[in-house]
Every structure is written in structure tokens, then in C-alpha cells.
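Overview (structure and organization)
Listed here are the chains, written in short residue letters.
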Amino acid sequence: MSFLESQWLLIIHVLAATVWTGGHLVLATVILPTVLRDRSVSRLLAFESAYERIGMPALLLQVVTGVALAYRLIPDVSAWFDWSNPIARAIIAKLTLLLLTVVFALDARFRVIPGLTERGLVDMAWHIVPVTVLSVLFVVVGVSFRGGGLGAF
Ligand code: HEM
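Given the structure is predicted, the values throughout are model-derived calculations rather than measurements.

1. Side note on the nonpolar core
Leu-27, Leu-44, Leu-116, Leu-121, Met-124 and Ile-128 are the most contacted members of the largest nonpolar core, which totals 28 residues. For this core, the elements supplying multiple residues, two or more each, are helix 1 (3-38), helix 2 (41-73), helix 3 (86-112) and helix 4 (121-144). Excluding anything up to four places from it in sequence, Met-124 contacts Leu-44, Glu-48, Ala-108, Val-112 and Ile-113. One finds Ala-70, Ile-74, Trp-80 and Ile-91 within the second-largest nonpolar core, a separate group that totals six residues.

Listed below in C-alpha cells is the structure:
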């Protein structure tokens, strides 16, 4: 089996990670400060609507390939929740990060963004910054799999 045949799931997973985490780092560190400084709702919405087109498919790919990769590491799904196994702990951490990301994203999409005004920009920042931190933690936990998962707590 060639390298591409055996590693394509991981390649897609890491490529999508560059889009998700990279996009959020650009949003939080470059776009957001200028949006807050100039109180520019339109600049934030312009970035959001452009990024959404590639960011949402990337997150979806992340979930699909991530679950498949987890299945490859631990084929018995009930064993994913065995806290004594460091690989399972990393999978639980990934799923928890996913749950938190989805809660923040849904709240932003359906409560904060519709009818967003200058006064809502700080509320929006309180969504962007945590989701960016979560996106970096996804990478940290992801890389931990190589070392055998999350160490003993
Ligand atoms: C935005 C979300 C995510 C990001 C940014 C992300 C990022 C990463 C990164 C950078 C790696 C390291 C690859 C390596 O060291 O070779 C990785 C590995 C992994 N991720 Fe994710 N991930 C995300 C979501 C998920 C989800 C939802 C799951 C599902 C449980 C998941 C499961 C895994 C698994 C099992 C591995 C290890 C693959 C292996 O080495 O065989 N990831 N992830």
C-alpha cells in the first residue's frame, strides 16, 4: 500500500485543520482588532461570509475524518470512553472540544450575528477568541496521539 493510500485520512484531517485553525488565528489576531478599533460590523460580516464557505466544510471534514481516525486507533467505539486509556482520553478531549465549539458557533450564528450592531461586537469577540483557543487545543490534542495520547492526570 502506498503512502498516499494509507495516510489519506490523516492528510485530509491535517489539511482541514490548517483551514480551521489558521482561519481562526487570522480572524482573531488580524481581522478582529481592526474590527473592534473601527467598530466595523461590515468588515467582520464580510470576513465571516467569505470564510464560512471554506471553514464550515473544513470543520465537517475534520469531524468525519477525525471519527474515522479514532475508529482506526480504537475499533471498539465503547472503549473510546475508557478513561484509563490515554488514547481514549485524547478522543474524549477531541469530542469535548467539538461540543464546546458547536455550542459557541450555534450561539454566534443564530443569536449574535443576526441583527449584529456595533454594540454586539464585543459579544462577538467573546465567541471568536474562545473558538480560536479551542481550535489551537484541537491541534495540541491531535499531536498528542503520536506520543500515545493524553498522559496521566
Ligand atoms: C477543528 C477540529 C480539529 C483539528 C484542528 C484537529 C487537528 C489534528 C491534528 C493537527 C492532528 C495531528 C496529526 C499528526 O500528528 O499526525 C490530529 C490528529 C487526530 N485527530 Fe484531530 N483535529 C480536529 C478534530 C478532530 C475530531 C472531531 C476528532 C474525532 C474524535 C479527531 C480525531 C483525531 C485523531 C484520532 C487523530 C490521530 C490520528 C492518527 O495519528 O492516527 N480530530 N488532529
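2. A word on the pattern of salt bridges
For the structure on display, the rule yields five salt bridges. For Arg-109, the salt bridge goes to Glu-52, with nearest N and O atoms at 3.5 Å. Here Arg-109, found in helix 3, pairs with Glu-52, found in helix 2; they are 57 residues apart in sequence, far enough to count as distant. Its salt-bridge partner being Asp-107, residue Arg-111 comes within 2.8 Å of it at the nearest N-O pair. Remark: Asp-107 and Arg-111 occur in helix 3; sequence separation between them is four residues, near one turn of the helix. You can call Arg-111 partly exposed: its relative accessible area is 46%. When salt bridges with common partners are traced through the structure, they connect Arg-37, Asp-38 and Arg-43 into a single cluster.

Each value, and the rule that gives it
Residues numbered from 1 in each chain as written. Predicted model: local features only at pLDDT ≥ 70, side-chain atom pairs only at ≥ 80, totals over all residues. Heavy atoms only, no water. Core = buried A, V, L, I, M, F, W, Y, C linked by side-chain atoms within 4.5 Å. Buried < 20%, exposed > 50% of the residue type's maximum accessible area, 1.4 Å probe, protein only. Helix = DSSP H or I, 4+ residues; strand = E, 2+ residues; numbered from the N terminus. Contact = heavy atoms within 4.5 Å. Salt bridge = Lys/Arg side-chain N within 4 Å of Asp/Glu carboxyl O.

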